[in-house]
Amino acid sequence: MTARFTFTKILPFIIIYAVLIGAAAILHYYMHSSGLKWTLRYLGIAGTALILISFFYSLRKRKVINFGKAKSLLQIHELLAWTGSLLILLHAGFEFDAVIPRMAVFAMLIVVASGLTGKYLLKQARESIKEKRLELKAKNLSEEEIEKELFALSLIADKMQLWRNVHIPLTVIFAAFALLHIITILLFWRW
Amino acid sequence: MVKHTALISFLIAFILGVAGIIVFPYYTINPGVMIEDHMHLKNDCLSCHTLGFGAQTEKCVECHRVSGIGIRRVSGEEREPANTKSSFLHQSIINIQCYDCHTEHNGLSRENATLIFRHDVLSADLQKECTKCHSPQKPDDDIHRTLTFNCSECHSTESWKPSHFKHELLGEKLNECRSCHESKQPVDVLHKSLGKEIQCVQCHTTDKWKPSTFNHTKYFRFDGNHPSNCVDCHDVNKTFETYTCYNCHEHRPAKIEKEHIKEGIRNFTNCVECHRSGDEIDAEGRRDKKRGRDRDDN
């Protein structure tokens, strides 16, 4: 029962990930067969740009910038990062000859999976706190007592912190390999 | 804490990547398999690439001298036999840029290193002299055997077909349609009845067969009572050169004879000589011109 319940909760996130891979495969096949193969080269640039734009959320969260609502920017971060990843997957084209770009793509796919895990954890945390607060209010506990009880749930928040400790390093590993790929292309490609 | 982990992760990944690129460039950054003949250069990217500018022609021609292409190998050894076509082609290219036609990292085979050939790298004059390179490909059929002008008059450098044959290039032979189109001559009664002296261009154009320019009005003008239904007047199983107006109940021989005799017209066997249409007034005019020869009152 618990396993089924958990699977139902994570299913939407599995679908989002599967759609990313599936859409990239279908579009890649279509672009190869319709003579649009030459555009794939430029999709890497577009995908990278989208992912960079999505980092406005990170800047807002760390108060480097002050405009925009963090919640909205998080949604934009999720959308742009997913779309950018799709474009980069198309660009990579499932043909992994060189290690550096291959590592960049694999790191990106792990980061996307990590991002979806974070999205799941955040959703769980919000729901748990909301439910617990209602439950405690129904028991006519004082606000102080409610806060004390809710403190136990901060473990989930700790989980979010743990998740950040994984998600951010994974992101910078992706960034390192992507940067190396971009530098080598700038150095060796004839523009 | 996260910042430190992130920074260390970045540095480790970046340094490992750079080390990999320096030690194993072929495996870390090469975008595809190189052709077999270039494999000895696989870890020496800069033998072909100039940093920031890609693979420049200047580096290619250090080994592949344009004057020797097709004649000598890179090692200096003479090619036996020499590829004179390749030699001529490469020496004819204006402002030669290898990357216009060739690529690398596209597989082991040499063929993979040649992309589609662009004729516009040749001079305008040479582009018109197709047989300099394509002589063996000239078709040996009836049309092409006798032609002496350039292929480019009818064919493009993009593809052989479709061609745009310009009949005016045939000059004096323009009217000799049968010399090329004999097998396409229609076998219906109308066309079979035409003598050899009749040329297709008398009714058809070189642009298209239909509609033909045959002008029936010259003989008889159709109208509502006289529609363009061949079998009404012609025996389509025999010939179109003869006709009769007596297939119609309106034009019964006895009635026609009576009316013409009454008018004093004795020679009325060739109706369209006077009646170029169903219009009686039109016939009057023609009849007046012919007075004096056939009428009794002259």
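Counting restarts for each chain: residues are numbered from 1 in the order of the written sequence. The lettering of chains begins at A and the numbering of ligands begins at 1, in the order of writing. Note on the predicted model: pLDDT of at least 70 is required for a residue's local features to be given, and 80 or more for side-chain atom pairs to be given and counted; whole-chain, interface and lining totals, by contrast, use all residues. Excluded from the side-chain calculation are hydrogens and water; included are all heavy atoms of the structure.

## Regarding the side chain of Thr184 of chain A
Rules: Only DSSP runs of H or I with at least four residues qualify as helices, and only runs of E with at least two residues qualify as strands; both kinds are numbered from the N terminus onward. Only protein chains enter the accessibility calculation, which uses a 1.4 Å probe; a residue whose area is less than 20% of its type maximum is buried, one above 50% is exposed, and one in between is partly exposed. Only heavy atoms matter for contacts: two residues are in contact if any of them lie within 4.5 Å across the pair.
Within the fold, Thr184 of chain A resides in helix 7 (residues 154-188). Residue classification places Thr184 of chain A among the buried positions, given a relative accessible area of 9%. Those residues in contact with Thr184 of chain A, other than ones at most four positions away along the chain, are Trp189 of chain A together with Ile21 and Ile29 of chain B.

## Here we look at a nonpolar patch on the surface
Residue and element names in this part refer to chain A. Cut-off, in case you're wondering: Candidates for patches are residues over 30% relative accessible area with no salt bridge; among them, like charges are joined within 9 Å and nonpolar side chains (Val, Leu, Ile, Met, Phe, Trp, Tyr) within 5 Å. Shrake-Rupley sampling with a 1.4 Å probe provides the accessible areas, and residues are treated as covered by the protein chains on show and by no other component. Take a side-chain nitrogen of Lys or Arg and a carboxyl oxygen of Asp or Glu: if they are within 4 Å of each other, that pair is a salt bridge.
Together, Trp38, Tyr42, Ile45, Ile182, Ile185, Leu186, Trp189 and Trp191 give the surface a local cluster of nonpolar side chains, amounting to about 850 Å² of exposed area. Going through the elements one at a time, helix 2 (40-54) and helix 7 are the ones with two or more residues in the nonpolar patch. Considering every element that reaches the nonpolar patch, the biggest residue donor is helix 7, with three residues. In this fold, Leu186 is placed in helix 7.

## Quick look at helix 1 (residues 2-23) of chain B
Residue and element names in this part refer to chain B. To keep it simple, the criterion reads: Here the expected span of a helix is defined as 1.5 Å times the quantity of residues minus one. The arc in question is the one traced by the directions running from the helix axis out to the C-beta atoms.
The end-to-end C-alpha distance of helix 1 is 31 Å, a good match for the 32 Å that 22 residues give at a rise of 1.5 Å each. Buried within helix 1 are the following residues: Val2, Ala6, Ser9, Ala13, Gly17, Gly20 and Ile21. Seen along its axis, helix 1 keeps its buried residues to an arc of 100 degrees; they face one direction. Opposite its buried face, helix 1 presents the exposed residues Lys3, His4, Ile15, Ile22 and Val23, each directed more than 90 degrees away.

## Focus: the side chain of His167 of chain B
Of note, His167 of chain B is situated in the loop between helix 7 (142-146) and helix 8 (178-181). His167 of chain B has contacts with Leu174, His181 and Thr206 of chain B, leaving out every residue within four places of it along the chain.

## As for the packing of helix 4 (residues 70-92) of chain A against helix 5 (residues 99-138) of chain A
Residue and element names in this part refer to chain A. Applicable threshold: Axis geometry follows a simple rule: fit a line to the C-alpha atoms, using only the stretch in contact for helices, then measure angles between N-to-C directions, giving values from 0 to 180 degrees. Each angle gets one of four labels, with under 35 degrees taken as roughly parallel, over 145 as roughly antiparallel, 65 to 115 as roughly perpendicular, and the rest as oblique. Take the far helix as your reference; a near helix turned counterclockwise from it by less than a right angle gives a left-handed crossing, and one turned clockwise gives a right-handed crossing.
Relative orientation of the contacting elements helix 4 and helix 5 amounts to 155 degrees, with a least axis distance of 11 Å. As far as their axial angle goes, helix 5 and helix 4 are roughly antiparallel. For helix 4 against helix 5, the interelement crossing comes out left-handed. Contact residues: helix 4 offers Leu74, Glu78, Ser85, Ile88, Leu89 and Ala92, while helix 5 offers Val105, Met108, Leu109, Val112, Lys119 and Leu122.

## Focus: the interface of chain A and chain B
Here is the rule: Buried area adds together the accessible area that both of two parts lose upon being put together, with accessible area traced by a 1.4 Å probe. For this classification, the nonpolar set comprises Ala, Val, Leu, Ile, Met, Phe, Trp, Tyr, Cys and Pro, the charged set comprises Asp, Glu, Lys and Arg, and every other residue, Gly included, is treated as polar.
If you look at the interface, chain A gives 24 residues, while chain B gives 27 residues. Broken down residue by residue, the surface that chain A buries against chain B is led by Leu180, Phe188 and Arg190 of chain A, which jointly contribute 31%. Broken down by secondary-structure element, the contributors of at least two residues to the side of chain A that touches chain B are helix 5 and helix 7 of chain A. Split into classes, the residues belonging to the side of chain A that touches chain B amount to 18 nonpolar, three polar and three charged.

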